[in-house]
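Listed here are the chains, written in short residue letters.
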Amino acid sequence: MSSNNIERYKTLQLRKVQLKQLTILKEIDRICKKHHIEYWLDGGSLLGAVRHKGFIPWDDDIDIAMKASDLKRFEAIAKDELPKWLFLQNRHTDPYCKENITKIRDLNSLYIEYSDTFYQSYEMGIFVDIFPMVPYPSVSRGLVKKICRGYSVAYSITNKPKRISFNTLFEFLYFYLKEIFLGIVWKIICVIKPNDTFFSNIIKQNGYGIMHRTKDIFPISTITFEDATFSAPCNPDGYLKDLYGNYMQLPPEEKRKGHAVFYIADL
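What comes next is a walk through the structure.

Calculation rules
Residues numbered from 1 in each chain as written. Predicted model: local features only at pLDDT ≥ 70, side-chain atom pairs only at ≥ 80, totals over all residues. Heavy atoms only, no water. Helix = DSSP H or I, 4+ residues; strand = E, 2+ residues; numbered from the N terminus. Rg over C-alpha atoms; globule rule 2.2 N^0.38 Å. Buried < 20%, exposed > 50% of the residue type's maximum accessible area, 1.4 Å probe, protein only. Contact = heavy atoms within 4.5 Å. Areas by Shrake-Rupley, 256 points an atom, 1.4 Å probe, with all protein chains shown as cover. Lys, Arg positive; Asp, Glu negative; His and termini not counted. Charge placed at Lys NZ, Arg CZ, Asp CG, Glu CD. Expected span 1.5 Å × (residues − 1). Phe/Tyr/Trp six-rings, centres within 6.5 Å; stacked < 30°, edge-to-face > 60°. Pairing = 2+ DSSP bridges.

1. Overview of the overall build of the protein chain
Then, number 1: Counting secondary structure elements, the protein chain contains seven helices and eleven strands.
Then, number 2: For 267 residues, the compact-globule estimate of 2.2 N^0.38 gives 18 Å, and the protein chain sits close to it at 19 Å.
Then, number 3: Expressed as lengths along the three principal axes of its C-alpha atoms, the size of the protein chain is roughly 50 × 50 × 45 Å.
Then, number 4: Within the protein chain, buried positions represent 48% of all 267 residues.
Then, number 5: Counting only contacts in the protein chain whose residues sit at least 6 apart along the sequence, the fraction spanning at least 24 positions is 70%.
Then, number 6: Per element, the accessible surface of the protein chain, about 14,100 Å² overall, is 57% carbon and sulfur.
Then, number 7: Charged side chains in the protein chain number 37 positive and 31 negative. The centres of these two groups are separated by 5 Å.

2. Points about unusual backbone geometry
Then, number 1: For the peptide bond that leads from F218 to P219, omega is 0 degrees, which places it in the cis range.
Then, number 2: Mapped onto the fold, P219 is located in the loop between helix 6 (214-217) and strand 9 (221-225).

3. Some details on helix 4 (residues 141-158)
Then, number 1: Taking 1.5 Å of rise per residue, the 18 residues of helix 4 would be expected to cover 26 Å, and the 25 Å separating its terminal C-alpha atoms lies within 8% of that figure.
Then, number 2: Buried within helix 4 we find V144, I147, C148, G150, Y151, S152, A154, Y155, I157 and T158.
Then, number 3: Where the residues of helix 4 are buried, they touch strand 6 (127-136) and helix 5 (166-192).

4. Things to note about the packing of aromatic side chains
To describe a pair of aromatic rings, you give the distance between the ring centres and the angle between the ring planes.
Then, number 1: A full pass over the atoms with the stated rule returns ten aromatic pairs.
Then, number 2: Aromatic side chains Y136 and W186 sit 5.0 Å apart centroid to centroid with 70 degrees between the ring planes, which places their arrangement in the edge-to-face category. Of the two residues, Y136 sits in strand 6 while W186 sits in helix 5, which places them 50 residues apart along the sequence.
Then, number 3: You can call Y136 buried: its relative accessible area is 0%.
Then, number 4: A relative accessible area of 9% places W186 in the buried class.

5. With respect to the pairing of strand 6
Then, number 1: Across the ten residues that make up strand 6, a large majority, eight, are buried.
Then, number 2: Relative to strand 6, strand 2 (residues 62-67) runs parallel, the two being bridged by six bridges. Along strand 6, the bridge assignment pairs M66 with P132.
Then, number 3: Here strand 4 (residues 102-106) pairs with strand 6 via four bridges, running antiparallel.

Encoded structure:
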């Protein structure tokens, strides 16, 4: 199948994919409400809610966030309470999964990302991402960006599948030591600096060094997304400006693309 045909196929499938993701989100929301677990729409999903009242027209994923402590509680509960067609995927439930993001996967679909590999067998269904969020130290955004970018790059390299050779061994050792060093530096900063002003994703997944003001997130509010109401930061404007700057301006047409290489909404 040519790349043009793949893109046409994806365009035809996109709305089906979005609606399946919306169904997954509603199941997550149901469990969170039942057990009083806080979450909020994050990233492009929050942007879509504000700017489009639903999905960004070309977007093909849903992102939500939780406090890391709440995510642990959600994972313990959801494994038993999710319907059988959904699977909670993380490094503990899926041995070949290397990401630190928890995904709720639909088992009757296919969603291939650019980072996916077929060297190993792990679930690749349509999903909703859940990002673990933690307090951040009150230091400059420049320092946070430098540490987070370096750590997340090192972590991704040391955890990706690789063929053994002298070069890969040297690469692994270099980035492994870098990961340890930056991790120690981050822990020291978190101890000596106040950490009640900012909140963000764990550094393993925060390659852009994004920081949100805690007061922009809490207390959690609600927002309309498609045909339902979901949890959201109390100040979406401030939250989105931290992520995107002028978020109401549409990107150039050539950049209006989703995240998937390929997907099938129903297998």
